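Next come the chains, spelled out residue by residue.
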Amino acid sequence: MVVFAFLQVAVGVGVLAPRTRRPALAAGVALALATGLAGQDLGGLLTGHATDPGTGPVLALFAVTLWPRTAVGEAFGARPAAVPGGALAR
């Protein structure tokens, strides 16, 4: 259990830096799903007596919502197009 705590802290610190954000989020999703499956057994969801699936799926959903977006053109070095009114399209 102490190892999981250190891994969760490493994921939390890794998300803070833009360079390590994606690997940290991927590790966080894997850790959340492993904890939910092995540690919480998905809350006994398949037993018929469960009230909730535990925190694993919720933590994975949080990680997905924090996943940084990249426009297709930006990946190839293109600049965003200007739109009328001076704002940049994203």
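For the structure, check the block above.
Rules of the game
- Residue numbering note: each chain is counted from 1, following its sequence as written.
- It should be noted that, the model being predicted, local features are given only for residues of pLDDT at least 70 and side-chain atom pairs only at 80 or more, the latter also being counted only at that level, while totals for whole chains, interfaces and linings use all residues.
- Each side-chain value is worked out from all heavy atoms of the structure, with water and hydrogens disregarded.
- Starting at the N terminus, helices and strands are each numbered in turn, a helix being any DSSP run of H or I of at least four residues and a strand any DSSP run of E of at least two.
- Burial classes: relative accessible area under 20% of the type maximum marks a residue as buried, over 50% as exposed, and values in between as partly exposed (1.4 Å probe, protein chains only).
- Pairs of residues are marked as contacts when any of their non-hydrogen atoms sit within 4.5 Å.
- Using a 1.4 Å probe, accessible areas were evaluated by the Shrake-Rupley method; residue-level cover was limited to the displayed protein chains.
- Both site types are read off a 1 Å grid over the protein atoms alone. A 1.4 Å probe that fits but cannot get out defines a cavity, while an open set with protein on both sides within 12 Å along at least five of seven lines defines a pocket; lining residues have an atom within 4 Å of a point.
- Grid points are joined across faces, edges and corners, and a volume is the space filled by probe spheres set on the points.
- Amino acid classes used here: Ala, Val, Leu, Ile, Met, Phe, Trp, Tyr, Cys and Pro are nonpolar; Asp, Glu, Lys and Arg are charged; the rest, including Gly, are polar.
- As used in this record, nonpolar core signifies buried Ala, Val, Leu, Ile, Met, Phe, Trp, Tyr and Cys residues forming a set joined through side-chain atoms within 4.5 Å.

Asker: Looking at this structure, I do not really get the overall build of the protein. What am I missing?
Answerer: Check the secondary structure of the protein and you find four helices and zero strands. In the protein, the succession of helices and strands from N to C terminus is α-α-α-α. In the protein, buried positions account for 16% of the 90 residues. Pairs at least 24 apart in sequence give 38% of the contacts found in the protein among residues at least 6 apart. Accessible area for the protein stands at about 6900 Å²; split by element, carbon and sulfur atoms hold 71% of it.

Asker: I keep staring at the layout of surface pockets and nothing clicks. Help me out?
Answerer: To find leftover empty space, one rolls a probe the size of a water molecule over the atoms. The computed volume of the largest pocket comes to approximately 190 Å³. For the largest pocket, the lining is made up of 13 residues, of which V11, G28, V29, A32 and L59 are closest to its centre. Here the lining of the largest pocket gets six residues from one element, more than from any other, and that element is helix α2 (residues 21-39). Across the lining of the largest pocket, the residue classes tally to 10 nonpolar, three polar and no charged.

Asker: For this particular structure, what's the right way to read the nonpolar core?
Answerer: One broad rule of soluble globular proteins: the nonpolar side chains tend to lie buried together. Counting five residues, the largest nonpolar core consists of V11, V15, A24, L25 and A63. With residues up to four places along the chain from it excluded, the contact list for V11 reads A24, A27 and G28.

Asker: Mind showing me how you'd approach the environment of P68 here?
Answerer: Structurally, P68 can be placed in the loop between α3 (56-66) and α4 (72-75). By relative accessible area, P68 is classed as partly exposed at 24%. Between the C-alpha atom of P68 and that of R22, which follows or precedes it by 46 residues, the distance is 7.4 Å. With residues near it in sequence (within four places) discarded, P68 still touches R21, R22 and L25.

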